Every structure is written in C-alpha cells, then in structure tokens.
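# Close look at the chain arrangement
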Amino acid sequence: MAQDEMQLPDELALLWGRRSGGRRGPRPELDASAIVAAAVEIADTDGLNAVSMARVAKQLGFSTMALYRHVANKDELLSLMWNESASVAQRVELTGDGWRERMQSWATLQQQMLTGHPWLAQMPMSNPPMGPSAFAWLERGLDALSGTPLSDAEKLQAVGAISAYSLAEARMAYEEATAAARRRAAGKPVVAFENVLAVLADPETFPNLARLAATLSPMPAVGEAGYEEYGEASFGFGLDLLLDGIAALIERREGQRPAP
C-alpha cells in the first residue's frame, strides 16, 4: 500500500489535520483546542485520573455529548493532550557545540516538560506517540546527532533509549511523590531509601548494601528540602551513562570508516 493511501487511525488523522476537529451540531464555538486546553488544566491540577469527558464538559459549560462532536472518545483526548503538552518541542533550540552537549540539552528540555506536566508519565503508551509534537521532539533529537558516523537507525535507537530513560525517571518520581503525599496525609512517616539501608542492611547478610550505607550522608525524603536537587543529580548521572554508551558506539563507528 502506498503511504499516501494509508488509512490513519482517527486520533492521528485529527492530530495531523487530516480529519476535521468539529462535526455538525449546535454550539459551534466549542472546538477541539478548547477541549484539550481544559483537559490539560484539569490534569495539571488534579492528575490524569481526574480527566473525563464529563469533567471537561462541566468545566467548559457544555454537555458531554457536545464534546463528542469534536473528540471521539477519551483515548483520542489523551492523544491530543500529549501532543499539546509536548508542543514546546516545536520551539526548542538545542544548545551546545558537539553532539553530546546537544543531546544533554535535548534530554534536559524533555525532562523539564515531563516535570511541568507530571501526568504525562502516567499516560498509557500502547504505541509510541506519533503526533506532530512527538515528531518535533524526535527531529530535534536526531538533529543533535547529525554529523556523527551513526546510521539513521542507530540515531533513532539512541534517541529512543534516552526518551525511555527520561520517561521512566519521570514515572518513578511521580509515583514516589504520590505515595509520599498519601503517607503524610495518613500521618505515616516518609523515609529515604538510602536512610533505610543504614538501619536494615545487616553487614553479614547484605555486605555490599551495608558498605554503601556507611558511605552515604543522610538523604532527604520525597518532598523534603534538597530532594529535588538530589533527583536532578541522579537523573544527570544516569544520562551520562547513556551518553557514554553513545560515545563508545560513535568511537567504534569512526574506527570503521574507510581511510581517506
């Protein structure tokens, strides 16, 4: 089948302007953009679980059925929300002189987007995002690796590995913060993993963990002063490991180039 003959899923057709966002019916002042903006506002305030077609309709002052003239279902709404929240990618300018600095800039900007909209880490991901904003992020990442000897497929895999790492870190941070908030609301203590090691890691049973605990300073728990800085440092360390792997692959590819 020719690419121009491919039938796109409804949500992709809407995202890419291949399907009208509105359908026949009253109240034409309502459109998909307003629906998505309201849904994003709800998710930013109360989390992804708070988003429903009924809740969005109530916030906009329309009936739920009015929304269905513009957005077919909640899955389509979620795709539109992801695309809107990630639209910053279309204005991103990477900084740095070499590929590594540009990739660090790309990963940091992506992490900032996930931090600004924590619910993005809770989005169902049956397929990679394929809207214009996702393509923009991908294009910027591939561009950061331009000039390296990596093949296009290797660049795609490298960018994908960093995206997966960023998403996993954001998901863990969100779940830790949510769990900590529940514990505090219930009057229960919230402790850092590293501090638990010092109490429970018996040197005879867990010699490596006990040795590690002895070298660590007391760590802030989730939500305490200093925890955000600790999280940023942890993210940076993991990112450096990935970039070191990409650097090693680039070095191997350079060694495989034919002599001039």
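Residues numbered from 1 in each chain as written. Predicted model: local features only at pLDDT ≥ 70, side-chain atom pairs only at ≥ 80, totals over all residues. Heavy atoms only, no water.

Pairing between side chains of opposite charge can happen when their charged atoms approach one another. With the rule as written, the count across this model stands at four salt bridges. Note that R100 and D240 form a salt bridge whose closest N and O atoms lie 3.6 Å from each other. Placement of R100 in helix α6 (residues 99-116) and of D240 in helix α11 (residues 227-256) is noted, with a sequence separation of 140 residues between them. Overall, D240 belongs to the partly exposed group, its relative accessible area being 31%. Through salt bridges with shared partners, one network takes in R100, D240 and D244. (Salt bridge = Lys/Arg side-chain N within 4 Å of Asp/Glu carboxyl O. Helix = DSSP H or I, 4+ residues; strand = E, 2+ residues; numbered from the N terminus. Buried < 20%, exposed > 50% of the residue type's maximum accessible area, 1.4 Å probe, protein only.)

Now for α11. Helix length check: α11, at 30 residues, gives a terminal C-alpha distance of 44 Å against a target of 44 Å (1.5 Å per residue), a fit within 8%. Those residues of α11 lying buried are F235, G238, L239, L243, I246, L249 and I250. Buried-residue contacts for α11 involve α6 and α8 (152-185). (Expected span 1.5 Å × (residues − 1). Contact = heavy atoms within 4.5 Å.)

Attention shifts here to α6. For α6, which comprises 18 residues, the first-to-last C-alpha distance of 26 Å matches the rise-based estimate of 26 Å (1.5 Å per residue) to within 8%. The set of residues buried in α6 consists of W99, R102, M103, S105, W106, A107, Q110, Q111, M113 and L114. Packing partners of the buried residues in α6 comprise α5 (74-85), α7 (132-144), α8 and α11.

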